[in-house]
2 protein chains.
Amino acid sequence: MSTINPNPVPTETDEGVRRAPAVQGAVRLSQPLVETIEEEILTRQLKPGTRLDETELAQRFAVSRTPIREALIQLASAGLVELRPRRGALVAQVSPQRLMEMFDVMAELEAHCGRLAARRGTPEEQQALQAAHAECALAAEGDDPDRYFYLNERFHQALYRMSHNGFLTEQVLHLQRRLRPYRRLQLRVRQRVAHSFAEHQAIVEAVLAGDEVRAEAQLRNHIRIQGERFSDLVASL
Amino acid sequence: MSTINPNPVPTETDEGVRRAPAVQGAVRLSQPLVETIEEEILTRQLKPGTRLDETELAQRFAVSRTPIREALIQLASAGLVELRPRRGALVAQVSPQRLMEMFDVMAELEAHCGRLAARRGTPEEQQALQAAHAECALAAEGDDPDRYFYLNERFHQALYRMSHNGFLTEQVLHLQRRLRPYRRLQLRVRQRVAHSFAEHQAIVEAVLAGDEVRAEAQLRNHIRIQGERFSDLVASL
DNA sequence: GTCAAACATCTTGTATACAGGACTTGAGCA
DNA sequence: TGCTCAAGTCCTGTATACAAGATGTTTGAC
């Protein structure tokens, strides 16, 4: 019987789900379930097309089918799971074309973040952006793709916040998370880390200079490159 | 945007939700519930902040609490309902600032649709766009704001499809629906229908001419005006 | 040997039971 | 009179029971 993995994201689910059926502990059982299953889908431990049997999951997490069903519904709403009425749940298949469509939308949203960040960023946010950029520099020089990948996300998140548009930030964060496994492939490509960092440099300069047009263009291009690289990758298969 | 397949057949909800508990008709009871409650929230029959009591809803729709809970979870994922653990569900409050943020994102997504439509629209799609535009003309001349509102949505949807980006289309459709009650307020403003139609004219010309830059700019402006008007409306209160 | 229909089994969707947290109300106290 | 605390009630979250659709298998006919 497997328990729920400790989460990298700081949450207040202080304890695991290892509980006797009648004991009430966490506020909602389905929440950690959503996070765990989502993580496993995004990390490809659960592969697209995999059947998600409710009873099996219920046994695995030592809860009843009720919170499992609620978790699956939430995952379906996020697009990670396909729910076929009366026929069970599958890990959603994401076609290469759809991925490219998602990268396309991501590029536009990030570009808009860049424009707004250049226009609205406060001095503190500008400093935070530079700090995030400096951290990326260390990882890039140290030739540590995994660490760069993580810091790269932090860099972009600093930009999202600078947009001062909470809704936009939520949307683009969601897409960032959704596309993570595919973006991760990119950095394995030769020289990609170095190129990415150079692009960041141009972005930082444009944003700090308050150059909305350039910030927008640089970011659009920065994201779009990933979509194109991904497309090359797919085409080569 | 949810990947829950409601039905093998893309049919309307055959009728209301009033059914005897034991009658098996729809594939899932929660689906029509989601649609009904969503409709009532979007039409303001259920006002922001209203408590959504599970037992009460269960009685009203003559089902058990189980499908009600599943519906509420889906609505919460769509942002229409706020779920407070152990403390019940509320119709989500949308602050004026958040609405403006949503209009801002909407403007960018529609603008991108416009650009792609100008680049990729097929002759059939161009014809469909013109046809939708012509229908709007009739409603505008006839001074029928409600009908114009409906046809206006069809016009925009024709543009979304022209983008040939399914993910983008889903996202922007979702936002169109979400913002509907607030957009509806716009057309009551004096001369707004006439202005809107004039803007459509410019959009159609740009898209048909394949002028990506102009199509994008016209659409961004067309949507942004609504956000600004809304902001004026809020400020005047 | 192939196909189809009927049956058995599995799994989902819904109803209901039950436990525990949250809100309400009223009494005691300052 | 106002505040605090406690008991009672209500409602949510979870488990479980049950019904019916979906799937797989076996058997029978051609």
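Because the structure is a prediction, the values reported are computed rather than measured. (Residues numbered from 1 in each chain as written. Chains lettered and ligands numbered in written order. Predicted model: local features only at pLDDT ≥ 70, side-chain atom pairs only at ≥ 80, totals over all residues. Heavy atoms only, no water.)

Concerning the overall build of chain A
Within chain A, the secondary structure is distributed over 9 helices and 3 strands. The order of helices and strands in chain A, counted from the N terminus, is α-β-α-α-β-β-α-α-α-α-α-α. Partitioning the intrachain contacts of chain A with sequence separation of at least 6 by distance along the chain shows that 72% fall at a separation of at least 24. When the accessible surface of chain A is split by element, carbon and sulfur atoms take 51% of a total near 11700 Å². (Helix = DSSP H or I, 4+ residues; strand = E, 2+ residues; numbered from the N terminus. Contact = heavy atoms within 4.5 Å. Areas by Shrake-Rupley, 256 points an atom, 1.4 Å probe, with all protein chains shown as cover.)

As for the environment of R120 of chain A
Residues and elements named next belong to chain A. Tracing the chain through its elements places R120 in helix α4 (residues 96-120). Residues R120 and G210, spaced 90 residues apart in sequence, show a C-alpha to C-alpha distance of 8.4 Å. Setting aside residues up to four positions removed in sequence, R120 forms contacts with E125, M162, S163, H164 and N165.

Structural notes on the sheet that holds strand β2 (residues 81-84) of chain B
All names here are of chain B. As summarised here, the arrangement of the 3 strands in space is β1-β3-β2, forming an open sheet in which the pairing is antiparallel. On the outer flanks of this sheet lie β1 (51-52) and β2, each paired with one strand and no other. Examined bridge by bridge, β1 and strand β3 (residues 88-91) share 2 bridges and lie antiparallel to one another. Looking across to β3, one finds that L52 is bridged to A89. (Pairing = 2+ DSSP bridges.)

Let's talk about the nonpolar core
In terms of nonpolar packing, the biggest core is built from 38 residues, with L109, L175 and L179 of chain A together with L109, L175 and L179 of chain B touching the most fellow members. Those elements that provide at least two residues to this core are α4, α7 (166-186) and α9 (212-235) of chain A together with α4 (96-120), α7 (166-186) and α9 (212-235) of chain B. Apart from the residues lying within four places of it in its own chain, the contact partners of L109 of chain A are L168, Q171, V172 and L175 of chain A together with V105 and L109 of chain B. If you look at the next biggest cluster of nonpolar residues, it comprises 23 residues, including L33, I37, L52 and L72 of chain A. (Core = buried A, V, L, I, M, F, W, Y, C linked by side-chain atoms within 4.5 Å. Buried < 20%, exposed > 50% of the residue type's maximum accessible area, 1.4 Å probe, protein only.)

Remarks on the packing of α4 of chain B against α7 of chain B
Residue and element names in this part refer to chain B. For the pair α4 and α7, the least separation of the axes is 10 Å and the interaxial angle reads 135°. Here α4 is positioned oblique relative to α7, judged by the angle of their axes. Both α4 and α7 take part in a crossing whose hand is left-handed. Of the residues in α7, those in contact with L99, M102, F103, V105, M106, L109, E110, H112, C113 and L116 of α4 are L168, Q171, V172, L175, Q176, R178, L179, Y182 and R183. Along the lines of polarity and charge, the residues of the contact of α4 with α7 split into 13 nonpolar, 3 polar and 3 charged. (Axes fitted to C-alpha atoms, helices over the stretch in contact; angles between N-to-C directions. Parallel < 35°, antiparallel > 145°, perpendicular 65-115°, else oblique. Left-handed = near helix turned anticlockwise from the far one by under 90°. Nonpolar A, V, L, I, M, F, W, Y, C, P; charged D, E, K, R; others polar.)

Considerations on unusual backbone geometry
All names here are of chain B. Phi is positive for R86, close to 65°, though the residue is something other than glycine. Examined against the element boundaries, R86 turns out to sit in the loop between β2 and β3. Using a relative accessible area of 71% as the deciding quantity, one classes R86 as exposed. Phi is positive for H164, close to 55°, though the residue is something other than glycine. For H164, the position within the fold is in the loop between α6 (145-162) and α7. H164 gets classed as partly exposed once you look at its relative accessible area, which sits at 35%.

Describing the protein's contact with DNA strand C
The immediate surroundings of DNA strand C are formed by 20 residues, with R65 and R69 of chain A together with L29, S64 and R87 of chain B found nearest. Protein-proximal atoms of DNA strand C, defined as those within 4 Å of the protein, fall in sugar or phosphate at a share of 69%. Separating a sugar or linking oxygen of DNA strand C from a side-chain N or O atom of R51 of chain A is a distance of 3.5 Å. A distance of 2.8 Å separates a phosphate oxygen of DNA strand C from a polar atom in the backbone of R86 of chain A. Taken together, the elements giving at least two residues each to the surface near DNA strand C come down to α3 (65-77) of chain A together with α3 (65-77) of chain B. (Near = heavy atom within 4 Å. Polar contact = N/O pair within 3.5 Å; in protein donor to acceptor, adjacent residues only side chain to side chain.)

A look at the protein's contact with DNA strand D
The full set close to DNA strand D counts 20 residues, and L29, S64 and R87 of chain A together with R65 and R69 of chain B are the nearest of them. Of all atoms in DNA strand D that approach within 4 Å of the protein, 69% are sugar or phosphate atoms. Contact between DNA strand D and T66 of chain A: a base nitrogen at 2.8 Å from a side-chain N or O atom of the residue. Here R87 of chain A contributes a side-chain N or O atom positioned 2.6 Å from a phosphate oxygen of DNA strand D. The set of elements that each furnish at least two residues to the surface near DNA strand D consists of α3 of chain A together with α3 of chain B. Sorting elements by how many residues they give to the surface near DNA strand D places α3 of chain A first, with 3 residues. By residue class, the composition of the surface near DNA strand D is 6 nonpolar, 4 polar and 10 charged.

Observations concerning the packing of aromatic side chains
To describe a pair of aromatic rings, you give the distance between the ring centres and the angle between the ring planes. All names here are of chain B. If you walk through the whole model with that rule in mind, you get 4 aromatic pairs over all chains. Considering the side-chain rings of F103 and F230, the 6.2 Å spacing of their centres and the 40° angle between planes classify their relative orientation as tilted. Residue F103 is located in helix α4, and its partner F230 is located in helix α9; the two are separated by 127 residues in the primary sequence. The class of F103 is buried, set by a relative accessible area of 2%. (Phe/Tyr/Trp six-rings, centres within 6.5 Å; stacked < 30°, edge-to-face > 60°.)

Some points on the relation of the copies chain A and chain B
The two copies are related by a screw motion: chain A maps onto chain B through a turn of 180° and a shift of 0.0 Å along the axis, at an RMSD of 0.1 Å. What the superposition gives is, in effect, a two-fold axis relating one chain to the other. Both copies present the same face, since 78% of the interface residues in chain A are matched by interface residues at the equivalent positions in chain B. (Least-squares fit on C-alpha atoms with pLDDT ≥ 70 in both.)

Examining the interface of chain A and chain B
Across the boundary between the two partners, chain A contributes 36 residues, which contact 34 residues of chain B. Looking only at chain A, the three residues that lose the most surface to chain B are I73, P85 and F167 of chain A, adding up to 19% of its buried area. Here chain A and chain B share 4 salt bridges between them. E70 of chain B is the partner of R69 of chain A in a salt bridge, and the nearest nitrogen-oxygen pair spans 3.0 Å. For the pair chain A and chain B, the interface holds 16 residue pairs in polar contact (both at pLDDT 80 or more). With 9 residues, α4 of chain A is the single largest residue contributor to the side of chain A that touches chain B. Looking at the side of chain A that touches chain B residue by residue, the class counts come to 14 nonpolar, 10 polar and 12 charged. (Buried area = accessible area lost by both parts, 1.4 Å probe. Salt bridge = Lys/Arg side-chain N within 4 Å of Asp/Glu carboxyl O.)

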